[in-house]
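One-letter residues, chain by chain:
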Amino acid sequence: MNKALSKKYNDELKAHVEKYQKYFKRVSLNLGTTEQSKKTTDVRIKEFGTSSDPDLVALYFQFGRYLLISSSQQGTQPANLQGIWNYQLNPSWDSKYTVNINTEMNYWPAENTNLSEMHDPLFDMIQDLSVTGQESAKEMYHARG
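Residues numbered from 1 in each chain as written. Predicted model: local features only at pLDDT ≥ 70, side-chain atom pairs only at ≥ 80, totals over all residues. Heavy atoms only, no water.

Draft legend 1. Representation of the pattern of salt bridges in the model. This model, assessed by the stated rule, comprises 6 salt bridges. Measuring nitrogen to oxygen at the nearest pair gives 2.7 Å for the salt bridge that ties K39 to E47. For the salt bridge of D94 with K96, the shortest nitrogen-to-oxygen distance reads 3.4 Å. Among the ionic contacts, a cluster of salt bridges with common partners joins R44, D53 and D55. (Salt bridge = Lys/Arg side-chain N within 4 Å of Asp/Glu carboxyl O.)

Next comes the structure, spelled out in structure tokens:
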């Protein structure tokens, strides 16, 4: 904490923007703009079903990319069920890594939106689990794993 507090805010903000921009600038999506884009996002969301707002779709596309970039950086843990933003000590579904669709939903944009390296934490965890899972299978179930 002391190390973080010793840094200047503007320097950290600049470094953050530069880091994220190297990912964001790889892909752009322009679906067109309507008058809806002049409204606040909350109003645009409420009116989405009754108005034309292709720019909101593009914004959501980029927001999904931002979430993946934020939750699956190289050298960290992969994105889980509720993500790194969960404030609860005992969250719903325990914030697990579930492969019934949640992992797939977290990572579907990695290849399609030019964020391949965001897969690395997931692939690292799968590699680790292939070893520890084999040990668990042997110890708990007397199986090869």
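Draft legend 2. The packing of aromatic side chains, seen in detail. The full count for this structure, using the stated rule, is 2 aromatic pairs. Centre to centre, the rings of Y20 and Y66 are 5.3 Å apart; their planes meet at 40 degrees, and the pair counts as tilted. Placement of Y20 in helix α2 (residues 9–24) and of Y66 in helix α4 (residues 54–71) is noted, with a sequence separation of 46 residues between them. Judged by its relative accessible area of 11%, Y20 falls in the buried class. (Phe/Tyr/Trp six-rings, centres within 6.5 Å; stacked < 30°, edge-to-face > 60°. Helix = DSSP H or I, 4+ residues; strand = E, 2+ residues; numbered from the N terminus. Buried < 20%, exposed > 50% of the residue type's maximum accessible area, 1.4 Å probe, protein only.)

Draft legend 3. Structural detail: unusual backbone geometry. Even without glycine at this site, W93 takes up a positive phi of about 55 degrees. The phi torsion at S95 lies on the positive side, around 55 degrees, for a residue other than glycine. By relative accessible area, S95 is classed as buried at 13%.

Draft legend 4. Here's a closer look at α2. The terminal C-alpha atoms of α2, which comprises 16 residues, lie 22 Å apart, in line with the 22 Å expected from a rise of 1.5 Å per residue. Lining the buried residues of α2 we find α4. (Expected span 1.5 Å × (residues − 1). Contact = heavy atoms within 4.5 Å.)

Draft legend 5. Geometry of the side chain of S70. Examined against the element boundaries, S70 turns out to sit in helix α4. Of the residues examined, S70 reaches a relative accessible area of 14% and is grouped as buried. Every residue in contact with S70, bar those within four places of it in the chain, is listed here: Y20, I84 and W85.

Draft legend 6. Quick look at the side chain of T113. Secondary-structure assignment places T113 in the loop between α6 (109–112) and α7 (120–141). T113 gets classed as buried once you look at its relative accessible area, which sits at 1%. A polar contact of 2.4 Å, which involves the side chain of T113, links it to the backbone oxygen of P109. Those residues within four positions of T113 in sequence are excluded, and the remaining contacts are V27, F61 and R65. (Polar contact = N/O pair within 3.5 Å; in protein donor to acceptor, adjacent residues only side chain to side chain.)

Draft legend 7. Highlighting a nonpolar patch on the surface. Together, L29, L31, F48 and V57 make up a nonpolar patch on the protein surface, roughly 300 Å² of accessible area in all. Relative to the helices and strands, F48 resides in the loop between α3 (41–47) and α4. Its relative accessible area of 37% is what places F48 among the partly exposed residues. (Patch = residues over 30% accessible without salt bridge, like charges linked within 9 Å, V, L, I, M, F, W, Y side chains within 5 Å. Areas by Shrake-Rupley, 256 points an atom, 1.4 Å probe, with all protein chains shown as cover.)

Draft legend 8. Here's a closer look at the layout of surface pockets. Roughly 400 Å³ of internal volume is contained in the largest pocket. For the largest pocket, the lining is made up of 18 residues, of which G64, L67, L68, M105 and N106 are closest to its centre. Those elements giving two or more residues to the lining of the largest pocket turn out to be α4 and α5 (102–107). Among the elements that line the lining of the largest pocket, the one with the most residues is α4, at 7 residues. (1 Å grid on protein atoms, 1.4 Å probe; cavity = no way out; pocket = protein on both sides within 12 Å on 5 of 7 lines; lining within 4 Å. Points joined across faces, edges and corners; volume = space filled by probe spheres on them.)

Draft legend 9. A look at the environment of E12. Tracing the backbone through its elements, the reader meets E12 in helix α2. With 48 residues separating them in the primary sequence, E12 and Y60 have C-alpha atoms 26 Å apart.

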